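So you can see what is in the structure, the chains are spelled out below.
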Amino acid sequence: MFDKAKKFIIFTVVLAVAVIFSGINRAEAVSMHIPEGASIRNTVNILNLAKKTDGFIEGTRYNGSGECRGFANKVYQRLFGLTISGYTNSNYGVENYSGSRVVGQLFDFSSNDAEAVKNLFWNVKPGAIVQMGRRYKLNSKGNAPKPHTAIFFYAANDGSGCTFYEANADGRNTIQVNFYTWAQLADRNKGFTVYEPINYPN
């Protein structure tokens, strides 16, 4: 009981500091599910990129190379100094992820299995990079799901879904902060692999 109370007090203090110094309003902060071992600082850093940093600002066009993967790698590199590269045959995994580790993977699930998707993402930490393959769209070779890469932002505290920080989800390279219900993610994607730094910074 004491440990839980202590953790809650620490979380409240850190949250208050984050709100003060990042421009997050209290309602936004309370709505975020921050799992054990996650970092408020990384959440703040993502928000600051999306709101303040040229080349990363929500609603602007990503003009770098690599479309969704290029943008996600830029964010991942800015946050942790790491990148990913290559694709597995399924397109919902990557070949190279030096300095990172797989923290979750989901495939061979039905398009209405929202609970499986929630279980995958519920304890993912802010800043993790997500590789996925689209359920109803094929890659340019026509032999695998179309790949998409995004940065995991946070799960909603009410358990309704999660938010990705991503580019080109609209096919126009727009940088977006998008909320998805678990059902939407299950319906749109055939598989996911989630990566985070081996030494995730607190």
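Further up the page is the structure itself.
Residues numbered from 1 in each chain as written. Predicted model: local features only at pLDDT ≥ 70, side-chain atom pairs only at ≥ 80, totals over all residues. Heavy atoms only, no water.

J.: I'd like a rundown of the packing of aromatic side chains, residues and numbers included.
T.: Taken as a whole and assessed by the stated rule, the structure comprises 14 aromatic pairs. Ring geometry for Tyr92 versus Phe107: centroids 5.9 Å apart, planes at 25°, classification stacked. Of the two residues, Tyr92 sits in the loop between α4 (67–80) and β2 (100–107) while Phe107 sits in strand β2, which places them 15 residues apart along the sequence. On the accessibility criterion, Tyr92 (12% relative accessible area) is buried. Seen from their ring centres, Phe164 and Tyr180 are 5.5 Å apart, and the 55° between their planes marks the pair as tilted. Linking Phe164 in strand β5 (residues 161–167) with Tyr180 in strand β6 (residues 175–181), this pair joins segments that are 16 residues apart in sequence. In terms of burial, Phe164 and Tyr180 fall into one category: buried. The structure contains a cluster of three or more aromatic residues connected by ring pairs, namely Phe109, Phe121, Phe152, Phe164, Tyr180 and Phe192. Against the face of Tyr87 rests Arg69, its NZ or CZ located 4.1 Å from the ring centre. If you follow Arg135 out to its NZ or CZ, it ends over the ring of Phe109, 5.0 Å from the centre. (Phe/Tyr/Trp six-rings, centres within 6.5 Å; stacked < 30°, edge-to-face > 60°. Helix = DSSP H or I, 4+ residues; strand = E, 2+ residues; numbered from the N terminus. Buried < 20%, exposed > 50% of the residue type's maximum accessible area, 1.4 Å probe, protein only. Lys NZ or Arg CZ within 6 Å of the ring centre and 35° of its normal.)

J.: Give a description of the nonpolar core that names residues and reports values.
T.: Formed by 29 residues in total, the largest nonpolar core has its most connected members in Phe71, Val75, Tyr76, Ile129, Ile151 and Tyr165. Listed by contribution, the elements that provide at least two residues to this core are α3 (40–52), α4, β4 (145–156) and β5. Residues within four places of Phe71 in sequence aside, it is in contact with Gly55, Phe56, Tyr62, Tyr165, Glu166, Ala167 and Ile175. Core analysis: the next-biggest nonpolar cluster, separate from the first, contains 21 residues, Ala116, Val117, Ala128 and Val130 among them. (Core = buried A, V, L, I, M, F, W, Y, C linked by side-chain atoms within 4.5 Å. Contact = heavy atoms within 4.5 Å.)

J.: Outline the pairing of β4, supporting the account with residue identities and numerical values.
T.: In terms of burial, β4 is largely enclosed, as 10 of its 12 residues are buried. Pairing between strand β1 (residues 32–33) and β4: 2 bridges, direction antiparallel. Its bridge partner lying in β4, Met32 is registered against Ala156. Sheet analysis places strand β3 (residues 129–138) next to β4, joined by 6 bridges and oriented antiparallel. Residue pairing across strands places Val130 opposite Ala150, the latter belonging to β4. Counting the residues between successive antiparallel strands, the hairpin from β4 to β5 contains 4 residues, one of them, Gly159, with a positive phi of roughly 80°. (Pairing = 2+ DSSP bridges.)

J.: Summarise the environment of Gly127; cite the residues concerned and give the values.
T.: With respect to the helices and strands, the residue Gly127 is situated in the loop between α5 (114–121) and β3. Separated by 69 residues in sequence, Gly127 and Glu196 place their C-alpha atoms 7.4 Å apart.

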